[in-house]
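# Coordinate analysis (summary)
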Amino acid sequence: MGIVRRTKSLDLLMSQFADSHDAISAVALIESLKKDVNKTTVYRLLDRLEDDGVLHSFMSSDGIKWYAKCKGCSSSGHADVHPHFQCTDCGKVDCLDLEVTIPSIPGRKINSSQILIQGTCDNCLN
Ligand SMILES: [Zn+2]
Ligand SMILES: [Zn+2]
Ligand SMILES: [Zn+2]
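Residues numbered from 1 in each chain as written. Chains lettered and ligands numbered in written order. Predicted model: local features only at pLDDT ≥ 70, side-chain atom pairs only at ≥ 80, totals over all residues. Heavy atoms only, no water.

### A look at the sheet that holds strand S1 (residues 24-25)
Under the convention used in this document: What makes two strands pair is DSSP finding at least two bridges between them. Every helix listed is a DSSP run of H or I at least four residues long, and every strand listed is a run of E at least two residues long, numbered separately from the N terminus. Note on contacts: a residue pair qualifies if any of its non-hydrogen atoms lie within 4.5 Å across the two residues. Each axis is a line fitted through C-alpha atoms, taken for helices only over the stretch in contact, and angles between the N-to-C directions span 0 to 180 degrees.
Spatially, S1-S3-S2 is the arrangement adopted by the three strands of the open sheet, whose pairing is antiparallel. Every other strand in the sheet has two partners, leaving S1 and strand S2 (55-59) as the edge strands with one partner each. One ladder, built from two bridges, connects S1 with strand S3 (residues 65-69); its direction is antiparallel. Bridge pairing in S3 links Ile24 to Tyr67. Strand contacts of helix H3 (residues 39-51): S2 and S3, with the helix running at about 110° to S2, the strand carrying the most contacts.

Structure representation (structure tokens):
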């Protein structure tokens, strides 16, 4: 996993993302790791993993930061630009495997963009 040094805290953090496409909020990560890893360490690890192209983050409409696993990213940049979907019923957020083209804006340089689609997830619809 790139240049991130493996530690127990890191293993615990990454195990939260094991075999899942779902995003996890920073708040939920801190809550489920609080027995073993302190809050500052969680934030520090998340920052580092994002720099290394292991995780990506985005902000939901309530201002909470969410993290999800990257596909094919590296420390030189994030290549996995995709929309995220938040269920307004259960609050679950996941990555959508869809291509989005960000339009170029004349005279401006785009550094990042995020698309958050809100609606009802497949679970809640059934
Ligand atoms: Zn990425
Ligand atoms: Zn739902
Ligand atoms: Zn994502």
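Anyway, onward from the coordinates.
### Observations regarding the sheet that holds strand S4 (residues 84-87)
Strand order in the open sheet formed by three strands is S5-S4-S6, with mixed pairing between adjacent strands. Sheet topology places strand S5 (93-95) and strand S6 (116-119) at the edges, where each strand pairs with a single neighbour. The average undirected angle you get between the axes of adjacent strands in this sheet is 25°. Note that S4 and S6 share four bridges and pair parallel. Among the inter-strand pairings, His84 is bridged to a residue of S6, identified as Leu116.

### Some thoughts on the pairing of S3
Relative to S3, S2 is paired through five bridges, and the arrangement is antiparallel. When the bridges of S3 are listed, Phe58 appears paired with Trp66. A loop of five residues connects S2 with S3, the two strands running antiparallel in sequence, and Gly63 in this loop sits at a positive phi of about 80°.

### Here we look at the coordination of the zinc ion (ligand 3)
Condition: Ligating atoms shown are N, O and S within 2.8 Å of the metal, or 3.2 Å for Na, K and Ca, and water is not included, meaning a site may look less than complete. Irregular is the label for any site that misses the other tests, which are tetrahedral for four donors with all angles between 85 and 135 degrees, and square planar for four donors or octahedral for six when opposite donors exceed 155 degrees and the remaining angles lie between 65 and 115. Think of it in three bands: with a 1.4 Å probe and only protein chains considered, a residue is buried below 20% of the maximum accessible area for its type, exposed above 50%, and partly exposed in between.
In the first shell of the zinc ion (ligand 3), the protein supplies His56 (NE2), His82 (NE2), His84 (NE2) and Cys95 (SG), at 2.0 to 2.2 Å from the metal. Classification of the site at the zinc ion (ligand 3) rests on its four donor atoms, whose angles at the metal span 104 to 115°, yielding the label tetrahedral. In terms of primary sequence, the donors binding the zinc ion (ligand 3) are separated according to H-x25-H-x1-H-x10-C. Here Cys95 lies in strand S5 and His84 lies in strand S4, a separation of 11 residues in the sequence. Comparing His84 with Cys95 shows no difference in burial state: the two are buried.

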